[in-house]
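Residue-level structural notes
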4 protein chains.
Amino acid sequence: MSSLKPVLVVAGIGAGGGTGGATAIRAALYNAGHGVWKPFLDITPEDVKIITETNIEGSFAFAHEVLSDFKQNEIDTTNGKRGILIFTGATASIRGNTTTSAFAAGKFALRALSQSLAKEFGKQNIHVAHAIIDGGISTPLSRSRCNNSEWDQNEDIRLSPEAIASSYVYLASQERSAWTWELDLRPAHEKW
Amino acid sequence: MSSLKPVLVVAGIGAGGGTGGATAIRAALYNAGHGVWKPFLDITPEDVKIITETNIEGSFAFAHEVLSDFKQNEIDTTNGKRGILIFTGATASIRGNTTTSAFAAGKFALRALSQSLAKEFGKQNIHVAHAIIDGGISTPLSRSRCNNSEWDQNEDIRLSPEAIASSYVYLASQERSAWTWELDLRPAHEKW
Amino acid sequence: MSSLKPVLVVAGIGAGGGTGGATAIRAALYNAGHGVWKPFLDITPEDVKIITETNIEGSFAFAHEVLSDFKQNEIDTTNGKRGILIFTGATASIRGNTTTSAFAAGKFALRALSQSLAKEFGKQNIHVAHAIIDGGISTPLSRSRCNNSEWDQNEDIRLSPEAIASSYVYLASQERSAWTWELDLRPAHEKW
Amino acid sequence: MSSLKPVLVVAGIGAGGGTGGATAIRAALYNAGHGVWKPFLDITPEDVKIITETNIEGSFAFAHEVLSDFKQNEIDTTNGKRGILIFTGATASIRGNTTTSAFAAGKFALRALSQSLAKEFGKQNIHVAHAIIDGGISTPLSRSRCNNSEWDQNEDIRLSPEAIASSYVYLASQERSAWTWELDLRPAHEKW
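Remember, it's a predicted structure, so these values are computed and weren't measured experimentally.

Its location among the elements puts D:Asp184 in strand β4 (residues 182-185). Engagement of the side chain of D:Asp184 in a polar contact is seen with the backbone nitrogen of C:Trp181, the distance being 3.1 Å. Among the polar contacts made by the side chain of D:Asp184, one reaches the main-chain amide nitrogen of C:Glu182 at a distance of 2.9 Å. The contact partners of D:Asp184, leaving out residues within four places of it in the chain, are C:Trp179, C:Thr180, C:Trp181, C:Glu182 and D:Ile132.

Our next topic: the packing of aromatic side chains. This structure, assessed with the given rule, holds 26 aromatic pairs over all chains. Both rings, one in A:Phe40 and one in D:Phe60, keep their centres 5.7 Å apart while their planes meet at 45°; by these two values the pair is tilted. On the criterion of chain membership, the pair formed by A:Phe40 in the loop between β2 (27-30) and α1 (45-72) and D:Phe60 in helix α1 (residues 45-72) is interchain, its members lying in two chains. Judged on exposure class, the residue A:Phe40 and its partner D:Phe60 are both buried. With 3.9 Å between their ring centres and 5° between their planes, A:Tyr170 and B:Tyr170 make a pair best called stacked. Linking A:Tyr170 in helix α5 (residues 161-173) with B:Tyr170 in helix α5 (residues 161-173), this pair reaches from one chain into another. The structure contains a cluster of three or more aromatic residues connected by ring pairs, namely A:Tyr30, A:Phe62 and A:Phe87. Lying over the aromatic face of B:Trp192, A:Lys119 brings its terminal NZ or CZ to 4.8 Å of the ring centre.

On to the pattern of salt bridges. Residue and element names in this part refer to chain C. On inspection of all chains with the given rule, the structure shows 32 salt bridges over all chains. In this structure, Arg-158 and Glu-155 form a salt bridge, with 3.9 Å as the shortest nitrogen-oxygen distance. Classification of Arg-158 as buried rests on a relative accessible area of 7%. For Glu-155, a relative accessible area of 31% translates into the label partly exposed.

This brings us to helix α2 (residues 101-122) of chain C. Residue pairs spaced three or four apart in an α-helix point in one direction, given the helix's 3.6 residues per turn. In a regular helix each residue adds 1.5 Å, so 22 residues correspond to 32 Å; α2(C) covers 31 Å between its end C-alpha atoms and thus fits that length. Across the 22 residues of α2(C), 22 count as buried, placing the element largely inside the fold.

Let's shift gears to the relation of the copies chain C and chain B. Superposing chain C onto chain B takes a rotation of 180° combined with a translation of 0.0 Å along the rotation axis, leaving an RMSD of 0.0 Å. The transformation relating the two chain copies, once decomposed into turn and shift, fits a two-fold axis. Most of the interface of chain C is mirrored in chain B, where 100% of its interface residues again form contacts.

Let us now look at the interface of chain C and chain B. The partner chain B presents 35 residues to the 35 residues of chain C that form the contact. Between chain C and chain B lies a buried interface of about 3,000 Å² when both sides are counted; carbon and sulfur atoms form 72% of it. Per-residue buried area on chain C facing chain B is highest for C:Phe40, C:Leu41 and C:Phe60; these three make up 23% of the total on that side. Here chain C is connected to chain B by zero salt bridges. Here chain C is connected to chain B by ten residue pairs in polar contact (both at pLDDT 80 or more).

A few words on the pairing of strand β1 (residues 27-30) of chain D. All names here are of chain D. Judged by which residues are buried, β1 turns out to be covered on both faces: Ala-27 and Leu-29 on one side and Ala-28 and Tyr-30 on the other are all buried. As defined by bridge partners, β1 adjoins strand β2 (residues 83-90) across four bridges and the pair is classed as parallel. Bridge pairing links Ala-28 to Leu-85 in β2. Each parallel crossover has a hand, and for β1 linked through α1 to β2 it is right-handed.

Cut-offs used in this document
Residues numbered from 1 in each chain as written. Chains lettered and ligands numbered in written order. Predicted model: local features only at pLDDT ≥ 70, side-chain atom pairs only at ≥ 80, totals over all residues. Heavy atoms only, no water. Helix = DSSP H or I, 4+ residues; strand = E, 2+ residues; numbered from the N terminus. Polar contact = N/O pair within 3.5 Å; in protein donor to acceptor, adjacent residues only side chain to side chain. Contact = heavy atoms within 4.5 Å. Phe/Tyr/Trp six-rings, centres within 6.5 Å; stacked < 30°, edge-to-face > 60°. Buried < 20%, exposed > 50% of the residue type's maximum accessible area, 1.4 Å probe, protein only. Lys NZ or Arg CZ within 6 Å of the ring centre and 35° of its normal. Salt bridge = Lys/Arg side-chain N within 4 Å of Asp/Glu carboxyl O. Expected span 1.5 Å × (residues − 1). Least-squares fit on C-alpha atoms with pLDDT ≥ 70 in both. Buried area = accessible area lost by both parts, 1.4 Å probe. Pairing = 2+ DSSP bridges. Right-handed = clockwise from strand over helix to strand, strands pointing away.

The following block contains the structure:
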């Protein structure tokens, strides 16, 4: 998985239970992504490979590690969880489009994985969620690319990483009687 | 609308902006529902009438009032909202089934309304959301009907109203750069 | 139901079985529709009423009549059917949008009805289907309104009623081992 | 792609146009599939590999060949097509479940590909479709496995390959003004 973008693993959230050590992981985020926006006939085997690694091979390997670990955790009595695993999706998770055949194939696959895991591991008090990010995110990368400070400063039209993180923290806090598998996140003024 | 079940209107949430008076409504919940579970040929015109009143006539009238009011509010600077309107859906919002032709028709309609409004009013900084409740809720009514204390005491298998309310409060707090239109809520052990 | 647009009832298709008389109805089409495209706050109670009549009251009453009749039919041995009931949907059956709150509410409701009926009556060898029409249809009405002969003559960009009818006839002919509940129909060049 | 199951390429359907030779391919079917039904933690890297090959690498390579060829075809004047490419999906194309994390990931990906291609190549008069097969199919393999002649002889409860093929032939025949991207196919008595 060395080719994958960094994957954030947040440790220690919800430390009400745990197996004892300070190192018990309670929350994990699969945030790897690779954008391919091309007419279909321009897509290369290399594009397909990275899409597959990012959305299938990487996610399956990551989830295998995380869920195996979570099963060892005791249930956190405050929210009924042994752990939470969140996947980051996109508009392309639910809709293919003219230049997204590769990107959407990967994102659809990731969504299927997340739904299957939510159904399988919920019974074991492991929470699996999927967030559909629908819009551009203000990041150092997007800022350097766009150099559009008007866009960047208008929170009505682009997502901020902090707001996304806030939703993820909320998901991690949801009590066992009402867990969310999927939610969408988009700026107030986004056209969709 | 006298035949509708009570509809909760929560006033005063997010009072960062407002038109001045203490009475400005900032959050509204359309929670009216009427369950009809019958083979199709047993459904009566009366059933159709109440389903229509609850999910279309009532919701359209309610949303008209609420949104007209919200438009008068100033934007709450903490979350970018003039107000939030939340609709309560169910599994039947996304799936018809053998005994839910009337119930699902109503819930699908309500979901369509909520999506249309989210798209139309987001641009005006009014947040519209839809929650899909997938499972039984522990209420005085369900407790009196079931008399199943095992079910009632096991938060892994039924929703608690407080947990649903907690999600609604979270939606109300979401910042303008990352609003959710739809999320599902179900107990950890729910089969779905 | 006197306010409803005409509903086509095609009799006699697939006359392999039947209860004997020449009048046994084998196929029915619920084609009623009423378009409302307005900003939400401009929608009138009259709009809501006609949407409700067209998509709920009318469809429930129509389906009640048709399905009660179909149950009296013997199974057509060529396709395993006592009858087929087809509902006509639209893009708004699966997506609400800024000016379609009323139209989509009705179309979502109709789709829910059709799915519920397909599940309930399939077991009784009654076929229920739903067609999502995604695009403009060339009709005398649309031609008189648009007066755009270029549009009308280009079959790549608009639907012809005959092509839709051809799909409906195909659905009516499907054998019992492979029935379709839902299909979409759109011109080859449609953007979607 | 040597590990893939046989892929049927039907040549010569709709020979109204064509580039002249008898060998112009007008219809292609991507029917490759590989079933993995396992608890998630039992899934092996080998399972992931075959799922990926079958649903992504194989389908992308196949579609690349087919679509490149189709673009060379003249438009068949009877249906407005240069060619049709059909993908075979399953219930797992639209729903992940407890033992289908790998299978559904693959089938979701294939569906995304098919939708993207339908949108991109429709404008070039190439028809791309996706069939959701929802139920067991009576094949020599399934018959040898089940040895359940009651199941096999009851067309109300299982699909026959001929009925599926009939739908594919119908899709190939659809005129340009009303093409279907997706339809579902299931036995009359299937519970869904």
